[in-house]
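Here is what each chain is made of, one letter per residue.
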Amino acid sequence: MKSTAEHSIPFDYSIDGLDNETLISLYKRMLKPRLIEEKMLILLRQGKISKWFSGIGQEAISVGVASVLSKEEYILPMHRNLGVFTTREIPLHRLFAQWQGKASGFTKGRDRSFHFGTQQYKIVGMISHLGPQFGVADGIALGNLLKENKQICAVFTGEGGTSEGDIHEALNVASVWSLPVLFCIENNGYGLSTPTSEQYNCEHLADRGKGYGMEAHIIEGNNILEVYKQLKAITDDMRENPRPVLVEFKTFRMRGHEEASGTKYVPKELMDTWAAKDPVENFAAFLQAEGILTETQINSFKDEIVQEINENLDIAFGEEAISSTESNELNDVFKSFDYQHIEKNSNTEEIRFVDAIAQGLKQSMERHENLVIMGQDIAEYGGVFKITEGFLEQFGKGRVRNTPICESAIVSASMGLAINDHKAVMEMQFADFVTSGFNPIVNYLAKSHYRWAQAADVVVRMPCGAGVGAGPFHSQTNEAWFTHTPGLKVVYPAFPADAKGLLATAIEDPNPVMFFEHKALYRSIRQEVPTDYYTLPIGKAAQLNEGTDISIITYGAGVHWALHEIQQRPEVSIDLIDLRTLQPLDTEAIYESVKRTGKVLLLQEDSMFGGIASDISALIAEHCFEHLDGPIVRVASLETPIPFAGALEKNYLPQQRLNTAIDKLLAY
Ligand SMILES: Cc1ncc(C[n+]2csc(CCOP(=O)(O)OP(=O)(O)O)c2C)c(N)n1
Ligand SMILES: [Mg+2]
């Protein structure tokens with residue numbers, strides 16, 4: 001790096017009252033990530049690290065943002081923001097260990113590069129999918145608003161990431177809810193090989209602020225003084241007047257997307273223009289020209305940092321490679337949860353399934369002051385199923401939140417709330433709509449505890465199921481999409497009393513729970529339900545009928561179809577298991593039932609292929625083979641979308657095929 005007083009400086013640096021200490025500190029803060037990167041590029045060439053996303057040339061942005069936030073305020077960086085981590089003073093050997101997949105990193109070797117978070121340093125690292133970070137920032141900011149702590153948070157994206165739907169959703173939510181988030185777009189000219197001209201079709205990304213009703217600024221991202229001073233003023237004001245602010249930083253990516261991918265597609269003139277705008281070299285030249293630093297001082301800063309890097313590299317390289325055991329790995333998928341059983345009181349009241357859900361939810365809101373519920377039309381309107389009617393009046397607008405139509409951002413915001421000490425319940429208006437929030441559920445909520453020990457204390461309520469003539473998009477029971485994903489619990493009650501107690505536990509449990517509520521049961525199934533708050537354990541099936549001829553294992557609406565068969569066949573001895581929870585699955589109860597009868601029928605409302613019945617069938621085949629006296633039978637819906645017209649829907653659903661299947665199995 002050259003840093004001479006003769007260097008011609010392309011920026012109009014103006015000090016505006018900043019003292020020398022601040023100026024020198026900003027310089028040193030930029031120098032550190034630059035020197036770390038220079039070292040990493042050498043290590044990469046030597047094959048000692050695997051992948052590197054360079055932020056060379058963009059240091060002023062990371063450093064500027066991290067310098068105007070207090071250490072208690074969350075920052076959500078992306079893959080080029082090394083300067084955020086170093087400005088937060090994370091010990092370098094921990095960063096190096098993280099990149100080498102070693103134990104003293106932040107993810108026990110489970111995730112790579114900058115894909116980690118740390119509550120200690122209030123940094124929430126990205127998932128590869130980029131966009132969900134903005135929604136998570138919304139949730140963190142909402143947590144701050146509810147705590148009234150006057151804190152803000154900052155989140156990053158590249159200009160390429162801004163094309164993702166998640167980004168639009170999150171900006172819109174932040175604006176509608178006045179969330180104090182500093183949204184930082186680092187416009188560095190390219191997203192992998194895609195130039196800005198193929199990424200968006202407006203002049204400046206900051207222009208989009210108008211569309212979101214959001215204050216927006218363009219900042220010269222390579223000029224550290226511009227970045228620092230402007231952000232200082234903006235963020236000071238945001239703390240007093242909470243609101244989102246969108247900032248587009250104009251900068252440039254000086255190296256490839258990652259080191260292996262090169263920069264052949266970038267015109268040389270562009271590289272030269274931006275090389276002349278190097279944020280670190282120019283600032284050094286300026287500080288020398290102003291007589292604030294000498295070349296000797298600069299060299300001694302460099303020596304100090306290089307020494308720190310080398311010492312810390314020795315520590316990281318000296319650390320042994322990570323190893324783990326199967327049980328270690330499995331234990332970290334979920335946060336450990338000390339289930340407290342709260343007994344049912346003897347006072348009961350006959351209520352419908354839908355009322356039991358409402359009661360469970362309301363009593364949980366009373367019990368957990370940090371619980372926030374979010375969903376479309378859930379406030380004044382009370383939700384489309386009227387489950388949250390009256391909640392707004394009792395708990396207020398802060399905790400009972402109508403959302404715009406943006407499932408993905410709200411799932412991500414739930415994650416952010418969990419990071420910032422809250423519990424969140426999100427109501428999917430219909431379980432079918434979860435597809436629009438699928439990514440953050442399976443990639444953010446499900447994987448965070450395993451990756452960096454951050455549990456997602458979130459319940460997603462899923463009004464599901466057919467039998468109500470609602471057609472292909474309001475009838476699905478899509479639990480299998482989630483039982484397949486490690487890191488999610490899946491609960492699926494069939495009765496009001498179970499629904500109430502299991503919902504309470506799902507909310508107590510710090511892990512993400514997909515909570516399925518069958519719409520056809522909402523108003524058709526009534527039961528005596530204890531009036532007070534109580535809990536039921538997740539992962540325990542219920543044996544509803546004891547028998548010796550055949551076992552029927554099912555859940556949700558299937559339980560009621562099976563009960564109907566039992567009523568119709570007093571001469572047959574049917575063992576009926578209501579699973580109640582699909583993940584974790586009560587395999588003990590399943591195996592015990594198979595052992596009692598030797599014949600098992602698995603009944604599921606979803607289409608057959610790839611459903612949970614198939615997995616249970618495999619488990620039984622593996623674990624109860626010698627107890628079986630017949631083939632394991634699965635009864636499920638047709639392999640078609642769910643039709644609307646009554647006769648077609650009836651034909652789709654498995655209930656009418658249940659009778660014959662039972663006969664066949666009995667006769668086997
Ligand atoms: C959902 C998703 N799509 C694509 C990718 C691959 N990908 C990762 S980073 C990236 C480019 C991002 O560009 P930009 O947001 O401008 O950030 P930059 O790398 O330029 O800093 C791409 C295409 C991904 N990780 N996730
Ligand atoms: Mg980019």
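Below, the structure is looked at part by part. (Residues numbered from 1 in each chain as written. Chains lettered and ligands numbered in written order. Predicted model: local features only at pLDDT ≥ 70, side-chain atom pairs only at ≥ 80, totals over all residues. Heavy atoms only, no water.)

## Notes on the nonpolar core
Under the convention used in this document: We call a set of buried residues a nonpolar core when its members are Ala, Val, Leu, Ile, Met, Phe, Trp, Tyr or Cys and they connect through side-chain atoms within 4.5 Å of each other. Accessibility here uses a 1.4 Å probe with only protein chains present; expressed as a share of the type maximum, an area under 20% marks a residue as buried, one over 50% as exposed, and anything in between as partly exposed. Each helix is a run of DSSP H or I of at least 4 residues and each strand a run of E of at least 2, with the numbering of both proceeding from the N terminus.
Ranked by internal contacts, the top residues of the largest apolar core, which has 78 residues, are V124, F183, I441, M462, F482, M514 and I620. Looking at this core, the element that brings in the most residues is helix α15 (residues 407-419), giving eight residues. In this structure, F11, L69, F156 and V227 belong to the second largest nonpolar core, which totals 69 residues.

## Overview of the environment of F334
The line we're drawing: Pairs of residues are marked as contacts when any of their non-hydrogen atoms sit within 4.5 Å.
Inspection of the secondary structure assignment puts F334 in the loop between α12 (326-331) and β8 (348-352). On the basis of relative accessibility, which here comes to 21%, the residue F334 falls in the partly exposed class. Measuring from C-alpha to C-alpha, the distance between F334 and A480 comes to 19 Å, with 146 residues separating the pair along the chain. With near-sequence residues (within four places) excluded, F334 lies in contact with H449, G487, L488, K489 and N511.

## A word on the site of ligand 1
To keep it simple, the criterion reads: Summary of the distance rule: residues count as near a molecule or strand when at least one heavy atom falls within 4 Å of that molecule or strand. Whenever a nitrogen or oxygen atom comes within 3.5 Å of another N or O atom, the pair is scored as a polar contact, on the condition that within protein one atom can donate a hydrogen and the other can accept it, and that pairs from neighbouring residues in sequence are kept only if both atoms are in side chains. In this description, accessible areas are obtained by the Shrake-Rupley approach with a 1.4 Å probe, and a residue is regarded as covered only by the protein chains that are shown.
The immediate surroundings of ligand 1 are formed by 14 residues, with H79, R80, G160, G161 and Y190 found nearest. At 2.9 Å from a nitrogen atom of ligand 1 is found a main-chain nitrogen or oxygen belonging to S128. At 2.7 Å, a backbone N or O of Y190 approaches an oxygen atom of ligand 1. Contact with the protein chains covers 70% of the free accessible surface of ligand 1, which is 580 Å².

## What about the packing of helix α1 (residues 20-45) against helix α10 (residues 279-289)?
The following threshold applies: Axis definition: a line fitted to C-alpha atoms, limited for helices to the stretch in contact. Angles are taken between N-to-C directions and run from 0 to 180 degrees. Handedness of a crossing is defined here by the sense of rotation of the near helix relative to the far one, left-handed for an anticlockwise turn of less than a right angle and right-handed for a clockwise turn. Residues are sorted three ways: Asp, Glu, Lys and Arg are charged, Ala, Val, Leu, Ile, Met, Phe, Trp, Tyr, Cys and Pro are nonpolar, and all the rest, Gly among them, are polar.
Following both chains from N to C, one finds α1 and α10 inclined at 150°, their axes separated by 10 Å at the closest point. Where α1 crosses over α10, the two elements pack in a sense that is left-handed. Along the contact surface, α1 presents L23, L26, Y27, M30, L31 and R34, while α10 presents P279, V280, F283, A284 and L287. For the contact of α1 with α10, the per-class residue count stands at 10 nonpolar, no polar and one charged.

## So, the sheet that holds strand β2 (residues 153-158)
Keep this limit in mind: A pair of strands is considered paired only if DSSP assigns at least 2 bridges between the two.
What the five strands build is an open sheet, ordered β1-β2-β3-β7-β6; its pairing is parallel. Strand pairing shows two members of the sheet lacking a second neighbour, β1 (75-76) and β6 (215-220), which therefore form its edges. Both β6 and strand β7 (residues 245-250) contribute to a ladder of six bridges, which runs parallel. Within β7, the residue paired with A216 across the bridge is L246. Strands in contact with helix α5 (residues 132-147) are β1, β2 and β3 (181-187); relative to β2, the strand with the most contacts, it is inclined by about 175°. Along the sheet face, helix α8 (residues 224-240) touches β3, β6 and β7 and points at about 160° away from the line of β6.

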